[in-house]
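# A look at the structure
Below are the chains, spelled out letter by letter.
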Amino acid sequence: MEIMVIPSVNEARADDLTNKTVIVIDVLRATSTMLTALAHGCKEIFPVETVLQAKQLQQSHYLMGGERACKKIPGFDLGNSPFEYMGDHIAGRSLIFTTTNGTRAIQKAHKAGTILAGTLLNGKACATAAIALRKDIVILCSGTQDVYSLEDGVCAGQLVDELVQLLPLSATDFTINDFGLSMRHAFCHIQPNITQALMQCSNGKRLCKLGFQDDVLYCSQLNLFSLVPVIRDGKLVLPG
Ligand SMILES: O=C(O)[C@H](CS(=O)(=O)O)OP(=O)(O)O
Ligand SMILES: [Mg+2]
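Per an unreviewed UniProt entry, the protein goes by Probable 2-phosphosulfolactate phosphatase and derives from Paenibacillus rigui. Regarding the protein, the UniProt comment filed under Catalytic activity (unreviewed entry) reads as follows: "(2R)-O-phospho-3-sulfolactate + H2O = (2R)-3-sulfolactate + phosphate".

Below, the structure is given as structure tokens:
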């Protein structure tokens with residue numbers, strides 16, 4: 001089994017993703033927010049790359065969510081804060097969602113065998129689900145506008161750490177790329193102060209400056225959920 005971590009969407013080549021199990025990570029905030037919505041009863045999420053695509057899919061009974069420049073898109077119902085996706089208004093609803101990085105990364109992975117949504121909030125569950133699929137695993141960090149982001153790298157390290165612990169002790173036939181090994185070391189080092197690390201990284205600082213400090217604190221929690229969103233027929237859902 002090969003485990004490969006890719007630092008940003010920009011560096012993902014189609015060949016690296018095709019038929020693999022791809023875990024897309026956007027800790028701040030897209031995958032954290034989509035996981036939260038599904039955990040609060042959202043029926044399904046259509047992750048789309050552009051605002052235009054979101055508007056083309058729009059139907060009166062769908063919720064529209066997402067951001068540009070960290071802020072709610074004009075005319076949309078909700079932004080990209082996980083706290084907006086907790087409550088009765090989410091339960092049973094279909095959501096069309098577009099963000100700068102996270103939903104773009106999901107689209108980039110469209111040739112994958114399976115696409116899972118990974119976050120710090122569900123890292124352990126995500127690693128367990130990925131191993132069960134018995135295919136090569138690619139962990140795709142969304143990054144920010146084609147540049148590596150610390151929060152996604154640390155989450156990739158969490159996933160690699162969980163994956164290694166899940167492999168049988170006798171397993172020798174697996175490889176982890178150098179970036180993945182580096183991120184595992186980084187995660188193990190940062191783990192005791194993970195919240196502080198997320199507050200200090202560039203996306204964390206930007207979100208705090210815009211008043212989203214609670215989002216950063218929330219998204220920095222490890223293994224709050226044992227739920228694993230998966231793409232089925234173009235929609236992100238909870239299996240089962
Ligand atoms: O809203 C977010 O957290 C970010 C905004 S930005 O692109 O980093 O300005 O979007 P995301 O797609 O969740 O990274
Ligand atoms: Mg992000």
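## What to know about the coordination of the magnesium ion (ligand 2)
Ideal values differ by geometry: the angle at a metal is 109.5 degrees with four tetrahedral donors, but 90 or 180 degrees with six octahedral donors. Protein ligation of the magnesium ion (ligand 2) involves Asp26 (OD) and Leu28 (O), the donor distances falling in the range 2.1 Å. The exposure class of aspartate 26 is buried, given its relative accessible area of 3%. Note on leucine 28: relative accessible area 8%, which makes it buried.

## As for unusual backbone geometry
Negative phi values dominate among residues other than glycine, just as trans dominates among peptide bonds. Note that the residue after leucine 28, namely arginine 29, is joined by a cis bond; omega there is -5°. In this fold, arginine 29 is placed in the loop between β2 (21–25) and α2 (30–39). Within the chain, alanine 69 stands out as a residue other than glycine whose phi angle is a positive 55°. Residue placement: alanine 69 occurs in the loop between β4 (63–68) and β5 (71–72). On the basis of relative accessibility, which here comes to 61%, the residue alanine 69 falls in the exposed class.

## Considering the pattern of salt bridges
Summed over the entire model, instances satisfying the criterion amount to six salt bridges. The partner of arginine 184 in a salt bridge is aspartate 161, and the shortest N-O contact between them spans 2.8 Å. Of the two residues, arginine 184 is situated in helix α7 (residues 178–190) and aspartate 161 in helix α6 (residues 150–166); the sequence distance between them amounts to 23 residues. Residue arginine 184 is classed as partly exposed on the basis of its relative accessible area of 25%.

## Looking at the state of the cysteines
Working definition of a disulfide: a covalent bond connecting the sulfur atoms of two cysteines. Within this structure, the stated rule accounts for zero disulfides. Cysteine cysteine 141 is unpaired, with the sulfur of cysteine 155 as its nearest cysteine sulfur at 7.7 Å. Of all cysteine sulfurs, the one in cysteine 155 lies closest to cysteine 188, which takes part in no disulfide; the gap is 13 Å.

## Observations concerning the pairing of strand β6 (residues 94–98)
Counting buried residues along β6, five of its five residues qualify, which places the element largely inside the surrounding structure. Residues Ser94, Ile96 and Thr98 point to one face of β6 and Leu95 and Phe97 to the other, with burial holding for every one of them. By the bridge criterion, four bridges tie strand β3 (residues 44–47) to β6 in an arrangement that is parallel. Note that in β6 the partner of glutamate 44 across the bridge is serine 94.

Rules behind the numbers
Residues numbered from 1 in each chain as written. Chains lettered and ligands numbered in written order. Predicted model: local features only at pLDDT ≥ 70, side-chain atom pairs only at ≥ 80, totals over all residues. Heavy atoms only, no water. UniProt positions renumbered as here; feature names shortened; annotations may be inferred. Donors = N, O, S within 2.8 Å, 3.2 Å for Na, K, Ca; no water. Buried < 20%, exposed > 50% of the residue type's maximum accessible area, 1.4 Å probe, protein only. Helix = DSSP H or I, 4+ residues; strand = E, 2+ residues; numbered from the N terminus. Salt bridge = Lys/Arg side-chain N within 4 Å of Asp/Glu carboxyl O. Disulfide = S-S within 2.5 Å. Pairing = 2+ DSSP bridges.

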